[in-house]
Amino acid sequence: MSAVIKKDFMLDEEAVKPLLSLHQISKHYGHVRALENVDFSLTFNEVHAIVGDNGAGKSTMIKVMAGAVLPDVGEIKFDGQPIQIRNPQDSSNHGITTVFQHLALVDTRDVLSNLFLGREPTNWGWVDRQKMRDDANRVLGELSIKIPSLSEPVANLSGGQRQAVAIGRALLQGSKVIIMDEPTAALGVEETRKVLLVIEQLREKGLSVIVVSHNMHHVFSMADRITVMRGGRRIATVKRRETTGDAVVGLITGTELIDRAI
């Protein structure tokens, strides 16, 4: 018999002021229901994992927050105020940066150029590369991110180093929320450990992080809360410390029971 997720395993979202929240978000593609009446909240200084099988709605959900997909209906709030996210620039303007799996790096350009891509500081009309170096070294140093050289072409970096450059760029943009899509996919054991450590350091710096992941071990090593998606719906949001990996897998597959409607 399946176990039951009790009410006290669910977050009392009214007791915690969210930084970013989605309310009744829906997105349909013809007869395909990508998202259906989804509620979601991210609190201050939190790592919130989103899990679910392929086609569960995870990617569409983060694309809505990133401004890459416009929902059919629903409301997005940031720090309690309704906002419009119609494109990626709107998302960035509100302090939300999304690091997709492809990372959106320019392989032929060096690390420094990628860190400031499109946001280069200027001094009397000239790009201020010294300020770029100083700011880059500060941010990467704060997160203990090891890059061989800021002049190194991104194409020469390892997968973990490329991920670090993308995260560093988000910090240099002054982001308050960083969304990461499968950040440890295709990484080796040591590089995965470093990326998970960086996520922990982001929380310690006061940022809020959303992580989409299929790896339950990684989710339980870093997340404060876990939202389970299935069939375009939010099935549950649970506190990591008050649940188990088996229970979350049961929610993903539909074999776990919840004792109240969400």
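Look up a bit, the structure's there.
What counts and what doesn't
- Residues numbered from 1 in each chain as written.
- Predicted model: local features only at pLDDT ≥ 70, side-chain atom pairs only at ≥ 80, totals over all residues.
- Heavy atoms only, no water.
- Helix = DSSP H or I, 4+ residues; strand = E, 2+ residues; numbered from the N terminus.
- Rg over C-alpha atoms; globule rule 2.2 N^0.38 Å.
- Buried < 20%, exposed > 50% of the residue type's maximum accessible area, 1.4 Å probe, protein only.
- Contact = heavy atoms within 4.5 Å.
- Areas by Shrake-Rupley, 256 points an atom, 1.4 Å probe, with all protein chains shown as cover.
- Lys, Arg positive; Asp, Glu negative; His and termini not counted.
- Charge placed at Lys NZ, Arg CZ, Asp CG, Glu CD.
- Salt bridge = Lys/Arg side-chain N within 4 Å of Asp/Glu carboxyl O.
- Pairing = 2+ DSSP bridges.
- Axes fitted to C-alpha atoms, helices over the stretch in contact; angles between N-to-C directions.
- Core = buried A, V, L, I, M, F, W, Y, C linked by side-chain atoms within 4.5 Å.

The number of helices and strands found in the protein is 8 helices and 14 strands. Over its C-alpha trace the protein gives a radius of gyration of 19 Å, about what one expects of a compact globule, namely 18 Å for 262 residues. By its C-alpha atoms, the protein is 65 × 40 × 35 Å across when sized along the principal axes. The 262 residues of the protein split such that 50% are buried. When contacts within the protein are restricted to residue pairs at least 6 apart in sequence, long-range pairs at least 24 apart make up 67% of them. Working note: accessible area of the protein is about 12800 Å², and carbon and sulfur atoms make up 49% of it. One way to put it: in the protein the 31 positive side-chain charges average out to a point 1 Å from where the 31 negative ones average out.

It is worth spelling out the pattern of salt bridges at this point. Under the definition given, this model contains 13 salt bridges. A salt bridge links Arg 225 to Glu 46; the shortest N-O distance between them is 2.5 Å. Of this pair, Arg 225 sits in strand E12 (residues 225-230) while Glu 46 sits in the loop between strand E3 (32-43) and strand E4 (47-51), and the two are 179 residues apart along the sequence. Here Glu 46 falls in the buried class, since its relative accessible area comes to 3%. Counted as one network, the salt bridges with shared partners bring together Lys 131, Asp 135, Arg 138, Glu 142 and Lys 205.

Moving on to the environment of Gly 206. Tracing the sequence through the fold places Gly 206 in the loop between helix H6 (189-204) and strand E11 (208-212). Since its relative accessible area comes to 46%, Gly 206 is described here as partly exposed.

Here we take up the sheet that holds strand E7 (residues 96-99). Reading across the sheet, the 6 strands line up as E7-E10-E11-E4-E12-E13 and stay open at both edges, with mixed pairing between neighbours. Either end of the sheet is taken by a strand with one partner, and the two such strands are E7 and strand E13 (233-239). If you compare each strand with its neighbour and ignore which way they point, the axes differ by 20 degrees on average. Looking at chain direction, E4 and E11 are connected through 4 bridges and run parallel. The partner of His 48 across the bridge, within E11, is Ile 210. In the packing of helix H5 (residues 159-172) onto the sheet, contacts are made with E7 and strand E10 (177-181), and the angle to E10 comes to roughly 160 degrees. The sheet contacts of H6 involve E4, E10 and E11, and relative to E11 the element is tilted by about 150 degrees.

The next subject is the sheet that holds strand E5 (residues 73-78). The strand order across the open sheet formed by 4 strands is E3-E2-E5-E6, and the pairing between neighbours is antiparallel. The open sheet has two edge strands with one neighbour each: E3 and strand E6 (81-83). Across this sheet, the average inter-strand angle for adjacent strands is 25 degrees, counted without regard to direction. Sheet topology note: the strand E2 (residues 18-29)/E3 ladder contains 8 bridges and is antiparallel. Paired with Leu 22 across the strands is Phe 40, a residue of E3. Helix-sheet contacts for helix H1 (residues 58-66) involve E2, E3 and E5, and the interaxial angle to E3 is about 60 degrees.

Along the chain, Ala 34 falls in strand E3. By relative accessible area, which is 10% here, Ala 34 ends up buried. In sequence terms Ala 34 and Pro 71 are 37 residues apart; their C-alpha atoms lie 9.9 Å from each other. Leave out the neighbours within four places in its chain, and Ala 34 touches Lys 27, His 28, Tyr 29, Gly 57, Thr 60 and Gly 232.

Quick look at the nonpolar core now. Val 111, Leu 115, Ile 178, Ile 199 and Leu 202 are the most contacted members of the largest nonpolar core, which totals 36 residues. Counting residues per element, this core draws most heavily on H5, which supplies 6 residues. Apart from the residues within four sequence positions on either side, Leu 202 is in contact with Leu 143, Ile 167, Leu 171, Ile 178, Leu 207 and Val 209. If you look at the next biggest cluster of nonpolar residues, it comprises 27 residues, including Leu 20, Ala 56, Met 65 and Ile 83.

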